[in-house]
Amino acid sequence: MPLVKFDLVKGRSQQEITHLLDVSHRIFLDALELPEGDRYQVVTQHEPYELVMEDTGLGFERTHQRVLVTVVSRKRTTEQKEKLYEQLQQALYKECQLKPEDLMINFVINEDEDWSFGFGKAQFLTGDLQ
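Report on the accompanying structure. Because the structure is a prediction, the values reported are computed rather than measured. (Residues numbered from 1 in each chain as written. Predicted model: local features only at pLDDT ≥ 70, side-chain atom pairs only at ≥ 80, totals over all residues. Heavy atoms only, no water.)

Overview of the nonpolar core
The tendency in soluble globular proteins is for nonpolar side chains to be buried side by side.
Phase 1 of the analysis: Of all hydrophobic cores here, the largest spans 24 residues; its most connected members are Phe6, Phe28, Val69, Leu88 and Leu103.
Phase 2 of the analysis: Looking at this core, the elements that each hand over two or more residues are strand 1 (3–9), helix 1 (14–31), strand 3 (67–73), helix 2 (78–96) and strand 4 (103–109).
Phase 3 of the analysis: Ranked by residue count, the leading element in this core is helix 1, at 8 residues.
Phase 4 of the analysis: In this structure, Leu103 is in contact with Arg62, Val67, Val69, Leu88, Gln89, Leu92 and Leu98, ignoring residues within four places of it in sequence. (Core = buried A, V, L, I, M, F, W, Y, C linked by side-chain atoms within 4.5 Å. Buried < 20%, exposed > 50% of the residue type's maximum accessible area, 1.4 Å probe, protein only. Helix = DSSP H or I, 4+ residues; strand = E, 2+ residues; numbered from the N terminus. Contact = heavy atoms within 4.5 Å.)

Here it is, written out as structure tokens:
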């Protein structure tokens, strides 16, 4: 936990996607102070016309390489989020050549009772997870 969803325009190779996920995971571990085995990532690929990400009036254009990262998570501090935004953008630019304007990140916050990791149990509520 968190669950990290990546929406991409179709066209990246399996190797490129795997690298994007690996780099992202490393940053999430550090920025959100997660344990090593805490990795839940989902990739959905779209036709270019199915992934519309405009600039909200900020004055830049995105390319076909655009990536929308949705983070479904328990509450995080503002500092953790800002660290994640900055470090993820820098790492994806340096290691995956993803332009800064092509990365959008959004948090969706939920509560402990919103998670079941299996066996029909709410592991945060039962105390199996912290």
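Quick word on the pairing of strand 1
Phase 1 of the analysis: A large share of strand 1 lies buried, amounting to 5 of its 7 residues.
Phase 2 of the analysis: Note that strand 1 and strand 2 (residues 40–46) share 7 bridges and pair parallel. Looking at strand 2, one finds that Lys5 is bridged to Val42.
Phase 3 of the analysis: Of the crossover connections in this fold, the one passing from strand 1 over helix 1 to the parallel strand 2 is right-handed.
Phase 4 of the analysis: Pairing of strand 1 with strand 3, which is carried by 6 bridges, proceeds in the antiparallel orientation. Each residue of the ladder has a partner; that of Lys5, found in strand 3, is Thr70. (Pairing = 2+ DSSP bridges. Right-handed = clockwise from strand over helix to strand, strands pointing away.)

Comments concerning the pattern of salt bridges
Phase 1 of the analysis: Taken as a whole and judged by the stated rule, the model has 5 salt bridges.
Phase 2 of the analysis: For Asp22, the salt bridge identified is with Arg39, shortest N-O distance 2.7 Å. Linking Asp22 in helix 1 with Arg39 in the loop between helix 1 and strand 2, this pair joins segments that are 17 residues apart in sequence.
Phase 3 of the analysis: Looking at Asp22, the relative accessible area reads 36%, which means it is partly exposed.
Phase 4 of the analysis: By relative accessible area, which is 35% here, Arg39 ends up partly exposed. (Salt bridge = Lys/Arg side-chain N within 4 Å of Asp/Glu carboxyl O.)

Focus on the sheet that holds strand 4
Phase 1 of the analysis: Here 4 strands make up an open sheet; going across it, the order is 2-1-3-4 and the pairing mixed. In this open sheet, the two edge strands, each paired with only one partner strand, are strand 2 and strand 4. Here the strands of the sheet are splayed against their neighbours by 20° on average, with no regard to which way each runs. (Axes fitted to C-alpha atoms, helices over the stretch in contact; angles between N-to-C directions.)

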